[in-house]
Amino acid sequence: MTTSSTQTRKALSKIAQLRLQKELEEWHDPPVGFKHKVSDNLQRWTIEVSGAPGTLYANETYQLQVDFPEHYPMEAPQVIFVPPAPAHPHIYSNGHICLDILYDSWSPAMTVSSICISILSMLSSSTSKQRPPDNDLYVNKCRNGRSPKETRWWFHDDKV
Amino acid sequence: MGLIVQLSYVIILSYFQKNYTVLKEGDIRQRQEESISHVSAVLSISRVAASTLLCHYKWNVSQLHDEWFADEERVRRTVGLLSRPVFFSSAKELTCGICFDSYPRHQIHSAVCGHPYCTTCWKGYITTSINDGPGCLSLRCPDPACCAVVDQDMILRLASDEDKEKYSRYLVRSYIEDKKKTKWCPAPDCSNAVEFEVGSNVYDVTCLCSHAFCWNCTEEAHRPVDCSTVNMWIMKNSAESENMNWILANSKPCPKCKRPIEKNQGCMHMICTPPCKFEFCWLCLGAWSDHGERTGGFYACNRYEAAKQEGLYDEAERRREMAKNSLERYTHYYERWASNQTSRQKAIADLHQMQTVHLEKLSDKLKEPESQLKFIIEAWQQIIECRRVLKWTYAYGYYLPDHESAKRQLFEYLQGDAEANLERLHQCAEKELLVFLGNDDGDTDFISDFKIFRPKLAGLTRVTRSYFENLVRALENGLSDVDSQAASSVSVSSKNAGAKGKGGKAKSSTSRSARSGARNIDDLTHWNCDRCTYANPDSLTSCQMCHNRR
Ligand SMILES: [Zn+2]
Ligand SMILES: [Zn+2]
Ligand SMILES: [Zn+2]
Ligand SMILES: [Zn+2]
Ligand SMILES: [Zn+2]
Ligand SMILES: [Zn+2]
Ligand SMILES: [Zn+2]
């Protein structure tokens, strides 16, 4: 396992493995704009996102890194952009994403593809390529390798 | 012990109507059941639905009624009480929306909405939510687009015993924590709550567990000092705690022979071990003979005076001196605050010992029923309550502005008198009583000595109580009647005659004469009680304070 995160992660539970295998099968036919980079690591997925045509991010590609906890899907996966992250008012330069379904509003009935679709729609509706106003402060606080799941998120308006 | 400490509190509180109710866990559950029955009857809905609604409306029945009858559909939508399913399938096998496996119908469960999930996934969903916190009381269907509530019945059917326990505790907690007029008792092992009559401004309450606390700020009871002073003081203490640890040490060198003396009693009167036998004050390390009425000196141990600054200072030295003084000043108040706290703890333990061990023996020896010895218990209760009040008056004193010199004088005078009396009472209950607790049966002097002891302790209790009542009243008035009070109520002329007494520390003579000025009475027309030294008008034949005959 390639560890850029300093935390040690517990192995996936049986339920999590079964569910992820099912999700992986679905990814043979991925949602539009996404590509799963094949690896044999079930617990960390890397997904390529292509900006939708006609939006600020058209012709750009980014990498999402998805890490699954032991009790996925009861607990939310950790989803971040691998830097360089797209410039967006809800995406920090270290790749952390301010999106409620990744934290408080997660439900086990959601899937990796439903997360991906939400993230793409968040990108597509953006009107300016700007960092969040507290970017430097926040990124600085995360330098010790803190996971975005440890942050107490104060969700911005969900129009953008 | 618990009960008795509480009773002493009731004595103090009996001036006021009781403005609070203690609720035990059973009382809370009963009230919840009553609200649920009521709502379920009035809205004609199931008890489970009523419980869901009440959780959402923070157990405010009338608000729930109002909103329900104004717009039932809207209430149902916000709370997630759907009236009919949104998902329906007649298939024999259904796919669980979480693990994506197929199951026969009977292994699939749904909330009212009908979204299908298997038993294992429901269990995982419910246990995760319960272990996440009180949010489980408003659990919704896992489907992200569905707002149907997962009701109590379903949760209790699928949760483990341990989780059910947690869930029902959250349910009880929601009744207390969601309301403005109820709070938990802050004592560590207590599960009672207190309901407070809003509008009252006496915040001290006593839980059935005997813990007395301020309903407003939930610190321990701190009447007559207000919440903001108490909170400032507590912040200050935690900021300075490293500097102040040494104060909590239990031993100090004897000021005369320098051997370490351990404090193992509640009162501040220390006697060094033989051969030294020096008697001194634990707080100021001054000779005990300089304290109180015996020498005609003031009890001035409570008063802080900055070290005299003499000569010229350069600026840096001056600043250093100020810093040192400010810590010194704080140290003075902190030490007295902390020592009274320790003394109070000791007194609580002593009272307990008295009630469980000594009282019965004493009653045997004296051949008197225990009810005749109630005055001993009352003395200890008074000590415990007075130590609490006195302790907080030191926080008050620390924040009393220096420039309000008239108020400060009155305050220090009242505090000093109260403290001096408390020391005498505590010493009498602690040391003099000891003589009667020994094993020397058949001593003929025993009974006659006790006859002398009895009115002494009872008298000191009464006197101390009235001094403290005076102090509490004055602080609650914000020391507003500086002049009238100083001139009339508690003047003791034998103590201020000539203003010649010495406190433990060297005190500046200017402030001492200012003190005596504030308590001036004409010295012709009174007599001093020889038990409590109170200056009584000549017209009276028994003491106003302790009822001792002239
Ligand atoms: Zn399932
Ligand atoms: Zn549903
Ligand atoms: Zn309690
Ligand atoms: Zn308070
Ligand atoms: Zn000594
Ligand atoms: Zn002293
Ligand atoms: Zn008297």
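The preceding data block contains the structure.
Not measured: the values here are computed from a predicted model.

Parameters and conventions
Residues numbered from 1 in each chain as written. Chains lettered and ligands numbered in written order. Predicted model: local features only at pLDDT ≥ 70, side-chain atom pairs only at ≥ 80, totals over all residues. Heavy atoms only, no water. Helix = DSSP H or I, 4+ residues; strand = E, 2+ residues; numbered from the N terminus. Buried < 20%, exposed > 50% of the residue type's maximum accessible area, 1.4 Å probe, protein only. Contact = heavy atoms within 4.5 Å. Areas by Shrake-Rupley, 256 points an atom, 1.4 Å probe, with all protein chains shown as cover. 1 Å grid on protein atoms, 1.4 Å probe; cavity = no way out; pocket = protein on both sides within 12 Å on 5 of 7 lines; lining within 4 Å. Points joined across faces, edges and corners; volume = space filled by probe spheres on them. Nonpolar A, V, L, I, M, F, W, Y, C, P; charged D, E, K, R; others polar. Core = buried A, V, L, I, M, F, W, Y, C linked by side-chain atoms within 4.5 Å. Donors = N, O, S within 2.8 Å, 3.2 Å for Na, K, Ca; no water. Tetrahedral: all angles 85-135°; square planar, octahedral: opposite > 155°, others 65-115°. Phe/Tyr/Trp six-rings, centres within 6.5 Å; stacked < 30°, edge-to-face > 60°. Lys NZ or Arg CZ within 6 Å of the ring centre and 35° of its normal. Salt bridge = Lys/Arg side-chain N within 4 Å of Asp/Glu carboxyl O. Pairing = 2+ DSSP bridges. Axes fitted to C-alpha atoms, helices over the stretch in contact; angles between N-to-C directions.

> Whenever I open this one, the overall build of chain A confuses me. Can you help?
A tally of regular secondary structure across chain A gives three helices and four strands. Going from N to C terminus, chain A has its helices and strands arranged as α-β-β-β-β-α-α. Evaluated residue by residue, chain A yields a buried proportion of 47% over its 160 residues. Excluding contacts between residues fewer than 6 apart, the proportion of contacts in chain A whose partners are at least 24 apart in sequence is 61%. Summing over all exposed atoms, chain A offers an accessible surface of approximately 8600 Å²; the carbon and sulfur share of this is 53%.

> Even after reading the chapter, I still don't get unusual backbone geometry, so can you show me in this structure?
Trans peptide bonds make up the majority, and among non-glycine residues the majority have a negative phi. In this chain, tyrosine 72 of chain A is followed by proline 73 of chain A through a cis amide linkage whose omega measures 0°. By the secondary structure assignment, proline 73 of chain A is in the loop between strand E3 (61–67) and strand E4 (78–82). Geometrically, the link from proline 83 of chain A to proline 84 of chain A is a cis peptide bond, its omega value of 5° lying close to zero. Turning to its location among the elements, proline 84 of chain A is positioned in the loop between E4 and helix H2 (112–124). Even without glycine at this site, tryptophan 59 of chain B takes up a positive phi of about 60°. With respect to the helices, strands and loops of the structure, tryptophan 59 of chain B is situated in the loop between helix H3 (47–56) and helix H4 (61–70). On the accessibility criterion, tryptophan 59 of chain B (3% relative accessible area) is buried. We note that lysine 277 of chain B has phi near 55°; this positive angle belongs to a residue other than glycine. As for its placement among the helices and strands, lysine 277 of chain B is situated in the loop between strand E12 (269–271) and strand E13 (279–281).

> Would you explain the layout of surface pockets in this entry?
Taking a probe equal in size to a water molecule and rolling it over the atoms shows the remaining empty space. In this structure, the largest pocket occupies an estimated 900 Å³ of space. For the largest pocket, the lining is made up of 32 residues, of which Tyr103, Asp104, Ser105 and Trp106 of chain A together with Asp132 of chain B are closest to its centre. Each residue belonging to the lining of the largest pocket can be placed in one class, and the counts come to 16 nonpolar, eight polar and eight charged.

> Is there a simple way to explain the nonpolar core in this structure?
As a rule of thumb, nonpolar side chains are buried together in soluble globular proteins. Residue and element names in this part refer to chain B. Within the largest apolar cluster, 60 residues are counted, with the highest numbers of intra-cluster contacts made by Trp233, Leu362, Ile376, Trp380, Phe450, Leu457 and Leu479. Those elements that place two or more of their residues in this core are helix H9 (227–244), helix H10 (315–366), helix H11 (374–399), helix H12 (405–432) and helix H13 (444–476). Considering every element that reaches this core, the biggest residue donor is H11, with 15 residues. Core analysis: the second largest hydrophobic core is formed by 55 residues, Leu53, Val61, Val172 and Tyr175 among them.

> How should the coordination of the zinc ion (ligand 2) be read in this particular structure?
Ideal geometry at a metal gives 109.5 degrees between four tetrahedral donors and either 90 or 180 degrees between six octahedral ones. Residue and element names in this part refer to chain B. Bound to the zinc ion (ligand 2) on the protein side are Cys113 (SG), His115 (ND1), Cys141 (SG) and Cys146 (SG), at distances that span 2.0 to 2.3 Å. For the zinc ion (ligand 2), the four donor atoms in the first shell make angles of 106 to 114° at the metal, so the coordination geometry reads as tetrahedral. We note that the donor set of the zinc ion (ligand 2) lies within a single chain, spaced as C-x1-H-x25-C-x4-C. Of the two residues, histidine 115 is situated in the loop between strand E4 (108–109) and strand E5 (117–118) and cysteine 146 in the loop between helix H6 (119–132) and helix H7 (152–158); the sequence distance between them amounts to 31 residues. Given a relative accessible area of 11%, histidine 115 falls into the buried group.

> Got a minute to help me understand the packing of aromatic side chains in this structure?
How two aromatic rings sit relative to each other is given by the distance of their centres and the angle of their planes. Counted by the stated rule, this structure contains 30 aromatic pairs over all chains. Taking the centre distance of 5.3 Å and the plane angle of 70° together, the rings of tryptophan 45 of chain A and phenylalanine 68 of chain A count as edge-to-face. With a gap of 23 residues between them, tryptophan 45 of chain A in strand E2 (residues 44–50) and phenylalanine 68 of chain A in the loop between E3 and E4 connect regions that are remote in the sequence. Summarising the burial analysis for this pair, tryptophan 45 of chain A and phenylalanine 68 of chain A share the class buried. Relative to tyrosine 394 of chain B, the ring of tyrosine 333 of chain B has its centre 6.3 Å away and its plane inclined at 55°; by these criteria the two rings are tilted. Here tyrosine 394 of chain B lies in helix H11 and tyrosine 333 of chain B lies in helix H10, a separation of 61 residues in the sequence. One residue, lysine 183 of chain B, lies across the ring of tryptophan 215 of chain B, its end atom 4.2 Å from the ring centre. One cation-aromatic arrangement involves lysine 252 of chain B over tryptophan 282 of chain B; the distance from NZ or CZ to the ring centre is 4.5 Å.

> Explanation requested: the pattern of salt bridges in the structure shown.
Where side chains of opposite charge bring their charged atoms close, a pairing between them can arise. Residues and elements named next belong to chain B. Scanning the model with the defined rule gives 26 salt bridges over all chains in all. The partner of aspartate 350 in a salt bridge is lysine 346, with the nearest N and O atoms 3.1 Å apart. Taken together, the residues span about one helical turn, with aspartate 350 and lysine 346 both in helix H10 at a distance of four residues. Residue aspartate 350 is classed as buried on the basis of its relative accessible area of 17%. Lysine 346 gets classed as partly exposed once you look at its relative accessible area, which sits at 26%. Here glutamate 412 ties to arginine 408 by a salt bridge, and the two come within 3.0 Å at their closest N and O atoms.

> Would you mind going over the sheet that holds strand E6 (residues 182–184) of chain B with me for this structure?
Strands belonging to one sheet form pairs held by backbone hydrogen bonds; the direction of such a pair is parallel or antiparallel. Residue and element names in this part refer to chain B. Strand order in the open sheet made by the three strands is E1-E7-E6, with antiparallel pairing throughout. Where the open sheet ends on each side, the last strands, each with one partner, are strand E1 (20–23) and E6. Averaged over all pairs of adjacent strands, the angle between their axes in this sheet comes to 25°, without regard to strand direction. Bridge analysis of E1 against strand E7 (residues 193–196) gives four bridges, and the strand direction is antiparallel. By the bridge assignment, valine 22 is partnered in E7 with valine 194. Lying over the sheet, helix H2 (residues 25–42) contacts E1, E6 and E7, oriented at roughly 95° with respect to E1. Relative to E6, helix H8 (residues 161–177) is tilted by about 130°, and along the sheet it contacts E1, E6 and E7.

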